[in-house]
Amino acid sequence: MSNRPLHILSTKLLDDALIHRAGAGVLLDCRPFLQTQAVAPEQVAALLADVSLLDQEVIFTSANAVKAVAAAVTGNPQWNVFCIEAATRKKVQELFPETKIRAAAPNGAQLVKLIIEQAPDQIVFFCGNLRLDTIPDGLKKYAISCREKVVYETIKTPVPVKPQYDGILFYSPSGVASFFAVNKISPETKAFSIGPSTTAALKQYTSNIVEAPHPDVEQMIRAITNSSW
């Protein structure tokens, strides 16, 4: 490795504290390849009309969904929550302190297994318009009714990037699709993935993938400095 700084691209905006943690040896650019837009609170409130505030099993796989529901719900839900680690879980605990985390997992496939073990008759899935099929299809196989409530929209915002980067940070399959809609990367460019679903999406475009040990942005930043260059 030369003495020049590593040139890394993040495919979403990061706050200054995270950028600082990358260290002096990393030049970190941030360009969003997705935009999220919450469904209007009054529309979300209508979606919540048939969702009990007591002892309802619910699924959150995105902090965006948690924030959208929190902006529209009235009262203090005492839900039984199944969610993704770690940012989504933190947001649930912050905005819905009276809920109970029944189970949390690093990705949708593992979360499905935990839900199946507890075998609820039916469950409500608060999600976005580009959600993966993993959870609904997995629950359907075990005859668990999954009522989907789309509470935010994800919009792809692809943009060509130059120059070639040493590494690129990817946070979701949708972000991967948006980036590669108008870009290619060299075999030498490392693609840093936040988790298994994102890794699976990246395998269509590159084999040079580094997956974070836990689905957390800080872990991805740490993986940059821990990687061999």
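Residues numbered from 1 in each chain as written. Predicted model: local features only at pLDDT ≥ 70, side-chain atom pairs only at ≥ 80, totals over all residues. Heavy atoms only, no water.

### Here's the deal with the nonpolar core
Short version of the rule: The criterion is simple. A nonpolar core is a set of buried Ala, Val, Leu, Ile, Met, Phe, Trp, Tyr and Cys residues joined through side-chain atoms within 4.5 Å. Here the term buried applies to any residue with accessible area under 20% of the maximum for its type, exposed to any over 50%, and partly exposed to those in between, with areas from a 1.4 Å probe on protein chains only. Helical segments are the DSSP runs of H or I of at least four residues, strand segments are the runs of E of at least two, and each set is numbered from the N terminus. Contacts between residues were defined by any pair of non-hydrogen atoms, one from each residue, lying within 4.5 Å.
One finds L48, F60, V69, W79, F126 and V151 to be the most contacted residues of the largest nonpolar core, which totals 21 residues. Secondary structure elements with two or more residues in this core: β4 (54-60), α3 (63-70), β5 (78-84), β7 (122-128) and β8 (145-156). Counting residues per element, this core draws most heavily on α3, at four residues. In contact with F60, other than residues within four places in its own chain, are A65, V66, V69, W79, V81, F82, C83, I84, T88, V92, F96 and F126. If you look at the next biggest cluster of nonpolar residues, it comprises 17 residues, including I8, L14, Y171 and M220.

### Considering helix α9 (residues 217-226)
Quick note on the threshold: What qualifies as a polar contact is a pair of N or O atoms within 3.5 Å, subject to a donor-acceptor requirement within protein and to the restriction that residues adjacent in sequence count only when both atoms come from side chains.
Listed in full, the buried residues belonging to α9 are V217, Q219, M220, I221, A223 and I224. Residues of α9 that are buried in the fold lie against β1 (6-10), α1 (16-21), β2 (26-30), β9 (167-170), β10 (190-193) and β11 (209-211). Capping the start of α9, D216 holds a side-chain oxygen 3.0 Å from the backbone nitrogen of E218, two or three residues further along.

### Thoughts on the pattern of salt bridges
Threshold: Salt bridges are counted wherever a side-chain nitrogen of Lys or Arg sits within 4 Å of a carboxyl oxygen of Asp or Glu.
In total, this model carries nine salt bridges according to the counting rule given. Residue R4 is joined to D166 by a salt bridge in which the shortest nitrogen-to-oxygen separation is 2.7 Å. One end of the pair, R4, is in the segment before β1; the other, D166, is in the loop between β8 and β9, with 162 residues separating them in the sequence. The buried category is assigned to D166, whose relative accessible area is 14%. When the shortest N-O distance is used, the salt bridge between E85 and R89 registers 3.0 Å. Since its relative accessible area comes to 27%, R89 is described here as partly exposed.

### What to know about the pairing of β8
Spelled out, the test is: Each pair of strands is called paired provided DSSP finds at least two bridges between the two strands.
Bridging between strand β3 (residues 34-38) and β8 involves five bridges; their strand directions are antiparallel. In the strand pairing of β8, L34 is matched with K156. Where β7 lies against β8, seven bridges are found, and the strand directions are parallel. Considered in β8, the bridge of C127 is made with V150.

### A few points about unusual backbone geometry
With omega at -15°, the peptide bond leading from E85 into A86 counts as cis. Inspection of the secondary structure puts A86 in the loop between β5 and α4 (87-95). Of note, the bond from K162 into P163 is cis; its omega dihedral lies within 30 degrees of zero at 0°. Even without being glycine, D55 reaches a positive phi, approximately 55°. Here D55 shows up in strand β4. At A143, a position not held by glycine, the phi torsion is positive, near 55°. Mapping A143 onto the fold places it in the loop between α6 (134-140) and β8.

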